[in-house]
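Structural overview for review
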Amino acid sequence: QLQLVESGGGLVQSGESLRLSCAASGRTFSSYVMGWFRQAPGKEREFVGGISWSSGDTYYYYADSVRGRFTISRDNAKNTVYLQMNSLKSEDTAVYYCAARRGAFSDRYIYYDYWGQGTQVAVSS
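Residues numbered from 1 in each chain as written. Predicted model: local features only at pLDDT ≥ 70, side-chain atom pairs only at ≥ 80, totals over all residues. Heavy atoms only, no water.

With that settled, the discussion passes to the overall build of the chain. A tally of regular secondary structure across the chain gives zero helices and eleven strands. The N-to-C order of helical and strand elements in the chain reads β-β-β-β-β-β-β-β-β-β-β. Relative to a compact globule of 125 residues, whose C-alpha radius of gyration would be 14 Å, the chain shows 14 Å and is just as compact. Counting every position in the chain, which comprises 125 residues, the buried fraction comes to 42%. Across the chain, the fraction of contacts at a sequence separation of at least 24, relative to all contacts at a separation of at least 6, is 55%. Summed over all atoms, the accessible surface of the chain reaches about 6400 Å², with 44% contributed by carbon and sulfur. (Helix = DSSP H or I, 4+ residues; strand = E, 2+ residues; numbered from the N terminus. Rg over C-alpha atoms; globule rule 2.2 N^0.38 Å. Buried < 20%, exposed > 50% of the residue type's maximum accessible area, 1.4 Å probe, protein only. Contact = heavy atoms within 4.5 Å. Areas by Shrake-Rupley, 256 points an atom, 1.4 Å probe, with all protein chains shown as cover.)

Turning our attention to the pairing of strand 7 (residues 70-75). Two elements, strand 7 and strand 8 (residues 80-85), share six bridges in a ladder whose sense is antiparallel. Following the sheet pairing, F70 is matched in strand 8 by M85. Between strand 7 and strand 8, which follow one another and run antiparallel, lie four residues, and N79 among them has a positive phi close to 50°. (Pairing = 2+ DSSP bridges.)

Within the secondary structure, S106 sits in the loop between strand 9 (94-101) and strand 10 (114-115). The spacing of S106 and G50 is 56 residues in sequence and 8.3 Å in space, taken between C-alpha atoms. Not counting residues up to four positions away in its chain, the partners in contact with S106 are R101, Y111 and Y112. For S106, the side chain forms a polar contact with the main-chain nitrogen of R108, separated by 3.1 Å. (Polar contact = N/O pair within 3.5 Å; in protein donor to acceptor, adjacent residues only side chain to side chain.)

This next bit is on the sheet that holds strand 7. Here we have four strands laid out as an open sheet, ordered 1-3-8-7, and antiparallel in their pairing. Two strands lie at the open edges of the sheet, namely strand 1 (3-7) and strand 7, each paired on one side alone. For this sheet the average axis-to-axis angle between neighbouring strands, irrespective of direction, equals 15°. Alignment of strand 3 (residues 18-25) against strand 8, held across six bridges, turns out to be antiparallel. (Axes fitted to C-alpha atoms, helices over the stretch in contact; angles between N-to-C directions.)

The following block contains the structure:
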């Protein structure tokens with residue numbers, strides 16, 4: 001079983017930055033594709049970004065709405081994935097979740113097996 005714990009959410013003003021962390025435990029971290037998703041009130045959970053690695057290469061994936069503003073990174077020694085969010089906008093307000101799955105990358109949340117509890121991000125305009 002893989003456990004995921006997010007942290008780093010908070011309230012910021014438009015244009016500011018936040019870094020979210022997702023700490024994994026219980027399994028070999030590098031065996032999983034990691035994804036970040038978010039869910040705003042009344043909306044469906046949506047893909048934000050993802051990271052996978054294979055044969056020594058790392059692959060990054062971003063939703064169009066965040067590409068160029070958000071950056072995903074990982075620290076294998078700490079079993080942690082990060083989501084650096086810059087130039088935040090009010091529409092980025094949501095609960096952010098990290099998730100993990102085995103196999104190929106997917107941007108569909110239904111294909112992820114492990115989830116963190118979520119961390120709230122609120123951006124005031």
